[in-house]
Amino acid sequence: MSSIDANSFLETSTMKMPIVGLGTWQATEEQVDQALNAAVDAGYRHIDTAFVYMNEAAIGKSLKKIFENGKVKREEMFIVTKLPNIANDAKYVEDYIKRSLSALQLDYIDLYLIHHPVGFVNGEDLMPKDENGKVKLDMSTDHIAIWKKMEEQVDAGRAKAIGLSNFNIKQIERIIGSARIKPANLQIEAHLYCQQKELHEFCKKNGITVCAYSPLGSPNLMPMLPMFGGDPSSIPQLNPLTDPVVLEIAKAHDKTSAQVLLRHLLQKNFAVIPKSSNPERIKQNFQVFDFELSEKEMGDLDALDRANDGRLFKSTLFSGADKHPECPY
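Described below are features of the structure shown in this document. Throughout, residues of each chain are indexed from 1 in the direction in which the sequence is written. Local features in a predicted model are, by the rule used here, given only for residues with pLDDT of at least 70; side-chain atom pairs are given and counted only at 80 or more, and totals for whole chains, interfaces and linings are based on all residues. With hydrogens and water stripped out, all remaining heavy atoms of the structure feed into the side-chain values.

Notes on the overall build of the protein chain
Helix numbering and strand numbering both begin at the N terminus, where a helix is a DSSP run of H or I of at least 4 residues and a strand a DSSP run of E of at least 2. A count of helices and strands for the protein chain gives 11 helices and 10 strands. The C-alpha radius of gyration computed for the protein chain amounts to 19 Å, which stays within 12% of the reference 20 Å derived for 329 residues, consistent with globular compactness. Put simply, the protein chain has 329 residues, and 57% of those count as buried. Any two residues whose heavy atoms approach within 4.5 Å at even a single point are treated as in contact. Restricting to contacts in the protein chain with at least 6 residues of sequence separation, those with at least 24 account for 76%. Placing the 38 positive and 44 negative side-chain charges of the protein chain at their respective mean positions leaves the two points 1 Å apart. Here the radius of gyration uses the C-alpha set of atoms, whereas the globule reference equals 2.2 Å times the residue count to the power 0.38. Between buried and exposed lies partly exposed: a residue is buried under 20% and exposed over 50% of the maximum accessible area for its type, with that area taken using a 1.4 Å probe on protein chains only. Just so you know, the count uses Lys and Arg for positive and Asp and Glu for negative, and it drops His and the chain ends. One atom stands in for each charge, and that atom is NZ of Lys, CZ of Arg, CG of Asp or CD of Glu.

Description of unusual backbone geometry
At Met-54, a residue that is not glycine, the phi angle is positive and equals roughly 60°. Structurally, Met-54 is set in the loop between β4 (46–48) and α2 (56–68). Even without glycine at this site, Asn-166 takes up a positive phi of about 70°. Residue placement: Asn-166 occurs in the loop between β7 (159–165) and α5 (169–178).

Quick look at the side chain of Ser-319
Mapped onto the fold, Ser-319 is located in the segment after α11 (295–302). Distance and chemistry together define a polar contact, namely a pair of N or O atoms within 3.5 Å, with one atom able to donate a hydrogen and the other to accept it when in protein, and with adjacent residues in sequence counting only for side-chain atoms on both sides. Among the polar contacts listed, one links the side chain of Ser-319 to the side chain of Lys-134, at a separation of 3.2 Å.

What about the sheet that holds strand β6 (residues 109–114)?
At least two DSSP bridges between two strands are needed for those strands to be called paired. With parallel pairing, 8 strands are arranged side by side in an open sheet as β3-β4-β5-β6-β7-β8-β9-β10. Looking at strand neighbours, the two that pair on one side only are β3 (22–23) and β10 (271–272), the edges of this open sheet. In terms of strand pairing, strand β9 (residues 209–213) meets β10 through 2 bridges, oriented parallel. In the sheet register, Cys-211 faces β10, and the bridge partner there is Ala-271.

A short note on the packing of aromatic side chains
Working definition: rings of Phe, Tyr and Trp (its six-membered ring) pair if their centres are within 6.5 Å, and the pair is stacked with planes under 30 degrees apart, edge-to-face with planes over 60 apart, and tilted otherwise. The full count for this structure, using the stated rule, is 6 aromatic pairs. Ring plane angle 35° and centroid distance 4.8 Å describe the contact between Tyr-44 and Phe-286, whose orientation is recorded as tilted. Of this pair, Tyr-44 sits in the loop between α1 (29–42) and β4 while Phe-286 sits in helix α10 (residues 279–286), and the two are 242 residues apart along the sequence. Considered together, Tyr-44 and Phe-286 belong to a single accessibility category, that of buried residues.

Some details on the pattern of salt bridges
Between side chains of opposite charge, pairing is possible as soon as their charged atoms come close. By salt bridge we mean one thing: a side-chain nitrogen of Lys or Arg within 4 Å of a carboxyl oxygen of Asp or Glu. Throughout the structure, instances matching the rule amount to 16 salt bridges. For Arg-158, the salt bridge identified is with Glu-94, shortest N-O distance 3.4 Å. On the criterion of sequence distance, the pair formed by Arg-158 in the loop between α4 (143–155) and β7 and Glu-94 in helix α3 (residues 93–104) is long-range, its members being 64 residues apart. A relative accessible area of 18% means that Arg-158 is categorised as buried. The class for Glu-94 is partly exposed, based on a relative accessible area of 30%. Beyond isolated ion pairs, a larger network of salt bridges with shared partners links Glu-94, Lys-98 and Arg-158.

What about α4?
Two residues of an α-helix separated by three or four positions point the same way, owing to the 3.6 residues in each turn. With 13 residues, α4 extends 18 Å from end C-alpha to end C-alpha; this agrees with the ideal 18 Å at 1.5 Å per step. Within α4 the residues assigned to the buried category are His-143, Ile-146, Trp-147, Met-150, Glu-151 and Gln-153. An end-on view of α4 places all buried positions within 150° of arc, on one side of the element. Where α4 is buried, its residues contact β5 (78–83), α3, β6, β7 and α5. Taken from the residues just after α4, Gly-157 is the one with a positive phi, measuring 85°. Here the expected span of a helix is defined as 1.5 Å times the quantity of residues minus one. Arc definition: directions from the helix axis to the C-beta atoms.

Focus: α11
Within α11 the residues assigned to the buried category are Glu-297, Met-298 and Leu-301. For α11, the arc enclosing every buried residue in end-on projection is 100°, short of the 170-degree limit, so these residues lie on one face. Structural note: α11 exposes Glu-295 and Lys-296 on the side pointing more than 90 degrees away from its buried face. Along its buried surface, α11 packs onto α8 (244–253) and α9 (257–267).

Some thoughts on the nonpolar core
What is meant by a nonpolar core is a set of buried Ala, Val, Leu, Ile, Met, Phe, Trp, Tyr and Cys residues, joined one to another through side-chain atoms within 4.5 Å. Core analysis: the largest hydrophobic core is formed by 102 residues, its most contacted members being Val-20, Tyr-112 and Leu-186. Setting aside its immediate chain neighbours within four residues, Leu-186 contacts Leu-164, Ser-165, Asn-166, Phe-167, Ile-172, Leu-199, Cys-203, Ile-208, Thr-209, Val-210 and Cys-211.

Notes on the environment of Asn-206
Here Asn-206 lies in the loop between α6 (197–205) and β9. Residue Asn-206 is classed as partly exposed on the basis of its relative accessible area of 24%. Separated by 23 residues in the primary sequence, Asn-206 and Pro-183 have C-alpha atoms spaced 9.4 Å apart. Non-local contacts of Asn-206, meaning those with residues more than four positions away in its chain, are made with Ile-176 and Lys-182.

Things to note about the environment of Thr-141
Its place among the elements puts Thr-141 in the loop between β6 and α4. For Thr-141, a relative accessible area of 11% puts it in the buried group. Separated by 183 residues in the primary sequence, Thr-141 and His-324 have C-alpha atoms spaced 9.0 Å apart. A polar atom in the side chain of Thr-141 sits 3.1 Å from the side chain of His-324.

Function cannot be inferred from these measures alone, as they are strictly geometric.
And the structure:
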């Protein structure tokens, strides 16, 4: 049996990230408490959220109760949140991490990420739009200046580790070249049809761990797109959960297709953060340590990669974002 188990971590000199976490994007306040309790009971110790998800306060309220009733201790949990696009400016970093800490009712965040390389105009609206429905861009986004402020959050004890999300190789290289504290983690879209092989290999060579969001192919993305001004027709109509190869492998192991997709990424040394608010599915998504995919099965799944043609989260997700000089796609 593989050495991957429920207590496995991805590690750097500054961070130990549990390899399976709970994603919370789209989770409502009502769903959060049920999901977090189900996750902690199932063995999860890694919770992923973001300022832009608008559920940090609900997560904080739930975590406070979980800590108070003794289910787990704060130091046993690994909490991730992110700097929003509207705060992609050095002068906003400290304010927004403090807002997240207050909402989450925490003294520190285990991992704080720059959520996206594209900057939006700052304001109360998380997705400011012009009269044409295009997102209002801050064209002066300076990743180096932002990263220096991220480093200051580690110095101040507000974040144990810092990292990036949705950045490409050139952008990461630029930050590494000037960093005092190197990015500990990169969170990116990664699933059966978008395996991010080149980016993952780059991170491996540079000592950066990688966490896969949407590891099941984000089946609920389509209905959300209009909220962002995105174009559903621009997203590939693909569902890894129903791929015939995945279903065949799942049958052979008496596992669900979701469990096979997660196991595939885990064996490729990704951390995964599948989102669910269903207690049974949350439990199932953590039951990925009692089987192992063979070399042939891994190869068959690797061969289904469509690279950029399988990407779901493109610049079209935010109408007009492709005009920003730091658009990563």
